[in-house]
Amino acid sequence: MAAILLAAAALSLGARPGSAFAPASTRVAIRQPPPSAASDAHPPSPSSLRMFTGIVEEMGEVISLATKDDMTLWDGSKGSGTEMVIKGDVVLDGAYLGCSISVNGVCLTATELDFDGHTFKVGLAPETLRKTNLGTYAPQSQQRVNLERASEIGGRNSGHFVQGHVDGVGTIVDRWVDENSLFFKVSMPHEHMRYIVPKGFIAIDGTSLTVCDVKSEGPDGDNWFTFMLVEYTQKKIIIPSKQVGDTVNIEVDVLGKYSERAWEAFAPKVESLEEKVRALEAKVAWLEGGSGGPSAVASNQGNAVPKSFPPKDALGAKPEAWVRSEQAFITSDADGDDMNPKRDMNMKGTEWVRTKQTFYDDNY
């Protein structure tokens, strides 16, 4: 199961938004990288898959955020869209057209690269603008963003599996200092709180962090969690610059989502098996002379267990009885003799036959 979850998490695609547009005289639509850098003509190795670790590599600067009405779409028609240009250094090392870059935890695709100006451009889809806070990043307001390149599968992962698929936006409701640590308290929509657990993973603005405390009171109650930043991390990411009332992009641990989905498929089978076990226990209790008889069997068992049992005095014989020491059903006559001549003296009991979904005596 762990291998399946890892493979599923690793198949996520990524990209990132940019910042304000640079002056036209300095912008280059597609600038070929220097010989030492990767280009669109030399894609990465097959082991480079689009996912992240949550270990921020640098803080970039938003240069521009603009909406255009003359963007060329896939079929050649014109449409509107939002683009962001971002300045960075580390993330451009090895960058190529179409590569994935995490911007404040959002996986985005680089559509233009300017290696001389140290900038790149990304597109922001309507879904991205709805689910994240990137639409608020303009030169007149917030300018810095956390940046991380996509990781290579098989490489070292000092964080956790981060897809860059933001679940929603949280709001900082409190912050305080604890010696050299900086604590934050973030409110979050209730529908995401079931994936947030104490000491579990969480990605905040693309930073892999550990959850400290959690409070979840339902749709109408308080829903928040806390996390803290050690001294070193405070100097490497943008979160310490945020104040109460500011927002952060949040991605919960994807393994929790996959586990929930797997359990949803498995739970009905468990419930069905438990019903069959209860029905068999009721039949065993009745055959041993217990109270309740057939009425103790659940009425919704269908054909798994007979809806009625034969009368105990059928054919003038004593009813078939379950002998726990023999782990088998035994039918005896009025004198108490076993009426089954084929029964082995060293009875092996009964066996569960999967195709029949019932027990069969292996002495017959």
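The sections below set out a description of the structure shown in this document. Predicted model, so just to flag it, every value in this text is computed and none were measured.

Let's shift gears to the overall build of the protein chain. For the protein chain, the helix and strand inventory stands at five helices and 16 strands. The long-range fraction of contacts in the protein chain, counting pairs at least 24 apart against all pairs at least 6 apart in sequence, stands at 66%. Summed over all atoms, the accessible surface of the protein chain reaches about 20,300 Å², with 54% contributed by carbon and sulfur.

On to the environment of H165. Locating H165 in the fold gives a position in the loop between β6 (144-149) and β7 (168-178). Residue H165 is classed as partly exposed on the basis of its relative accessible area of 37%. With 85 residues separating them along the chain, H165 and I250 place their C-alpha atoms 8.9 Å apart.

Here we come to the packing of aromatic side chains. Summed over the entire model, instances satisfying the criterion amount to four aromatic pairs. Both rings, one in F225 and one in F227, keep their centres 6.4 Å apart while their planes meet at 35 degrees; by these two values the pair is tilted. Each of the two residues, F225 as well as F227, counts as buried. Linked through ring pairs, F184, F225 and F227 together constitute an aromatic cluster. Between K185 and the ring centre of W224, over which it is positioned, the NZ or CZ distance is 4.3 Å.

Core analysis: the biggest nonpolar cluster contains 24 residues, and V103 and F120 have the highest contact counts within it. Where this core is concerned, the elements lending two or more residues are β2 (78-87), β3 (100-103), β4 (106-114), β5 (119-124) and β6. Judged by nonpolar contacts, the second largest core, of 21 residues, contains V186, I202, I204 and F227.

What follows covers the pattern of salt bridges. Where charged atoms of side chains with opposite charge meet at close range, the side chains can pair. Tallied over the full model, the rule gives 13 salt bridges. Residue D93 pairs with R149 through a salt bridge whose shortest N-O separation is 3.9 Å. Placement of D93 in the loop between β2 and β3 and of R149 in strand β6 is noted, with a sequence separation of 56 residues between them. Residue R149 is classed as partly exposed on the basis of its relative accessible area of 27%. Of the charged contacts in the structure, one is a salt bridge between R194 and E260, with a shortest N-O distance of 2.7 Å. With R194 in the loop between α3 (190-193) and β9 (201-204) and E260 in helix α5 (residues 254-287), the pair connects residues that are 66 residues apart, well separated along the chain. In this structure E260 comes out as partly exposed when scored by relative accessible area, which is 25%.

With that out of the way, let us pick up the sheet that holds β5. A barrel is described by the order of its strands in space; here six strands give the closed sequence β1-β2-β5-β4-β3-β6, paired in antiparallel fashion. For this sheet the average axis-to-axis angle between neighbouring strands, irrespective of direction, equals 50 degrees. Two strands pair when backbone bridges link them, and strand β1 (residues 58-72) and β2 are joined in this way by eight bridges, in the antiparallel orientation. Bridge pairing links T72 to K78 in β2.

Read around the closed barrel, the six strands follow the order β7-β8-β11-β10-β9-β12; overall the barrel is antiparallel. The sheet shows a mean angle of 45 degrees between the axes of neighbouring strands, taken without regard to direction. Relative to strand β11 (residues 223-229), strand β10 (residues 207-216) is paired through four bridges, and the arrangement is antiparallel. Residue V211 lies in a different strand from β11, and its bridge partner there is F227.

What counts, and where the lines are drawn
- Residues numbered from 1 in each chain as written.
- Predicted model: local features only at pLDDT ≥ 70, side-chain atom pairs only at ≥ 80, totals over all residues.
- Heavy atoms only, no water.
- Helix = DSSP H or I, 4+ residues; strand = E, 2+ residues; numbered from the N terminus.
- Contact = heavy atoms within 4.5 Å.
- Areas by Shrake-Rupley, 256 points an atom, 1.4 Å probe, with all protein chains shown as cover.
- Buried < 20%, exposed > 50% of the residue type's maximum accessible area, 1.4 Å probe, protein only.
- Phe/Tyr/Trp six-rings, centres within 6.5 Å; stacked < 30°, edge-to-face > 60°.
- Lys NZ or Arg CZ within 6 Å of the ring centre and 35° of its normal.
- Core = buried A, V, L, I, M, F, W, Y, C linked by side-chain atoms within 4.5 Å.
- Salt bridge = Lys/Arg side-chain N within 4 Å of Asp/Glu carboxyl O.
- Pairing = 2+ DSSP bridges.
- Axes fitted to C-alpha atoms, helices over the stretch in contact; angles between N-to-C directions.

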